[in-house]
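If you want the building blocks of each chain, they are given just below.
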Amino acid sequence: MRPDFCVPKVCLNLARRPDRRIQAWEQFRREGLSVDRLEAPDAMNVRDWRRWRNKGARACAVAHRLAWRAARRVHADAVMVFEDDVVLCRGFGERLAGIELPDDWAVLYFGCVFRTAPEVISSELLRVTGPTWDMHAYLLRREVWEKVSRELGAVSWKSCERRRGEGCSEEQLKGCGRRDTACDVILSDYHGGHAAYAVWPPMAWQVEGLSNNENVVRGNYRADGSQAIYRECIRHLPGANGEWTARDSERRSVGSHDSRVMVNVSEMGMATGERSGWCHGAGVGESSGSGAGDEIVRMSGSAVVSGMEVEAAPFPPPRIEAGSALRRHGNRSAARRGLLLSPYSPATERMAWGQVRLLRKYNPEIPVLVYCQDYVPTMAWRGVAEVQTARGCHSGKDDLRWLNKLEAVCDSPFEETIFFDADMISTGPVSGWFDLLGTDDVSFWQYARKREDSPDAMSANLMNPHRFCPYYGVEAVPVMLGGGHYFVRKSGRAQAILDRIASIMVEAMEDPRALYWEFAGKGNLVGDEPAASMAVVEMGIRLPPPHELSEMRVGCFMPPWQTWVEADFDNGIARYHCQWARREVAPCVVHFAGTGKDDRVYKDWLGKCAAE
């Protein structure tokens, strides 16, 4: 079946992003597409995120609902939707005209992140077999958008029970109990009951950049348009493991936009206050009767002057720096390198106090930031380290408290950050670690866990190499030495890997069938170290060479598996016998994990530090 692509086409664009509007419409004009603009809701104007992941997720969902509603008003049977940060391959219009779909098609993605391996239908078409991420370019049939729209409206209501009492179906209430609700996640739930397809190679993707509505940097795609995460899901597809085929390479290019363009804004139908064509009247804030558009402030039209010549910025846009969230808390540090700690309680702050005392002794030249989570600092930090108070996502008793660590790292103001858990001490300088660990945008000291030196049944908080290695096609599992430390370079790539670690942890907590549990042993915990092992392999992170356990730079002290030989922290001595390494070790940094926090030598030293 060759569908009629003379359907309404709309691009969602924020009023405060005229630069993206210019870049998007230059591509549409290049490909001969007639696309109308719909001013998207801005998360800054959302008063209540209700059941959504955050205000940005709700604003995004409302924007897509507005596009579907506008299509319904003109009695369209399908609609094509773009987001304003979309990148179209060259020849998009030509490929679009040649697409043939099965009669049962309901959704067509021009590009997305596959979270399960798709089924190959033809040389240019895939059948989606499971969940996907992203809705930057897709074609949707009316029967599906009507169902999804009703569910999105139900999620927007605060009380599911009240909606149920009003006669709403279970389908409408389906997303109300989610902890990580987003529009693309909900749409992908319908792949099972409605045929979803995707083109291959991708015809559209997104550049790495800032998501204005969610205020995070995202970079889910490589320069050639293929997904950068969940790479195992597309390894079986032609061209996914290297260059595209010669035929595909001829008609697509990695750069989809000229480096500099001159655009006449009025020619694009984007004069001040205009909404053109079929989207007219689909204004933000109009009530739909289902709760999606209310409590969002109506915004004014475009501020671009009609007829004005605008010189667009080079495309793709420059890399967006991470760390803006911390600057909102008043931090103005511009240091290139720094150390970061993130205690989550007065007790862990006291541990951080002792650690910073030693860091100052051995590394006086490196700035140290203490990022206290959701409580007022209790120690006298003035003159010792810069301290900030920030909102913690999860309490210290929450199973997902590790996410606070990742949030703190993402918010770091430094160009290069080394993060330490609060319950660690250094016995020597760590300044040289920046160069040694800086093999990629995210890194940590690791040792390699191979199948031949590990049991097949595991109970420790590690990944089982007997399952992990065959799945990812690697020889060993990278295991974070001692845990509790990361090197992070401020970049979109770093943001993406930290987001992936977080998503693995959340998924494992919520779904007993999650991939995490395929590799985790009986009694395993959900922690950032095992999740990081998965994420760095998935995303091809270049870690430094692995260490032998007996040569650990970071050591984990957990009695009774470790016992002191000599401990004089103030003089840089921390030697202990390690049952795992089967010998005496003297690491540069010691992590008092688990039972180590109650070690009498450590607690007495912390008390002395606090008294001084």
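Because the structure is predicted, anything quoted here is derived from the model rather than measured. (Residues numbered from 1 in each chain as written. Predicted model: local features only at pLDDT ≥ 70, side-chain atom pairs only at ≥ 80, totals over all residues. Heavy atoms only, no water.)

Colleague: How do you make sense of the overall build of the chain when you look at a structure like this?
Modeller: A tally of regular secondary structure across the chain gives 16 helices and 30 strands. In the chain, which comprises 612 residues, the share counted as buried stands at 58%. Within the chain, residue pairs in contact and separated by at least 24 positions form 75% of the contacts whose partners lie at least 6 positions apart. (Helix = DSSP H or I, 4+ residues; strand = E, 2+ residues; numbered from the N terminus. Buried < 20%, exposed > 50% of the residue type's maximum accessible area, 1.4 Å probe, protein only. Contact = heavy atoms within 4.5 Å.)

Colleague: Where do I start with the pairing of strand β2 (residues 36-39) in this structure?
Modeller: Successive side chains on a regular strand alternate, one facing one side of the sheet and the next facing the other. The alternating pattern of β2 places D36 and L38 and R37 and E39 on opposite faces, both of which are buried. As paired elements, strand β1 (residues 9-13) and β2 share 4 bridges and run parallel to each other. Along β2, the bridge assignment pairs V10 with D36. (Pairing = 2+ DSSP bridges.)

Colleague: How should I be thinking about the nonpolar core in this particular structure?
Modeller: Soluble, globular proteins show a tendency: their nonpolar side chains are buried together. Formed by 171 residues in total, the largest nonpolar core has its most connected members in W68, F82 and F110. Here this core gets 10 residues from one element, more than from any other, and that element is helix α13 (residues 492-510). Not counting chain neighbours up to four residues away, the residues in contact with F82 comprise V10, C11, L12, F28, L33, V35, L88, F92, H136 and A137. (Core = buried A, V, L, I, M, F, W, Y, C linked by side-chain atoms within 4.5 Å.)

Colleague: Is there a simple way to think about helix α16 (residues 600-611) in this case?
Modeller: Each α-helix turn comprises 3.6 residues. Residues three or four places apart therefore point the same way. Helix length check: α16 (12 residues) gives 16 Å between terminal C-alpha atoms against 16 Å at 1.5 Å per residue, within 8%. As for α16, its buried residues are in contact with α9 (346-362) and β21 (424-426). (Expected span 1.5 Å × (residues − 1).)

Colleague: When you look at the sheet that holds strand β29 (residues 583-585) in this model, what are you seeing that I'm missing?
Modeller: Strand pairing in a sheet relies on backbone hydrogen bonds, with the paired strands running either antiparallel or parallel. Pairing is antiparallel across the open sheet formed by 3 strands, whose spatial order is β27-β28-β29. Edge positions in the sheet fall to β27 (562-568) and β29, since each of these pairs with one other strand and no more. Within this sheet the neighbouring strands show an average axis-to-axis angle of 20°, counted without direction. Here β27 runs beside strand β28 (residues 573-578); their pairing, made up of 6 bridges, is antiparallel. (Axes fitted to C-alpha atoms, helices over the stretch in contact; angles between N-to-C directions.)

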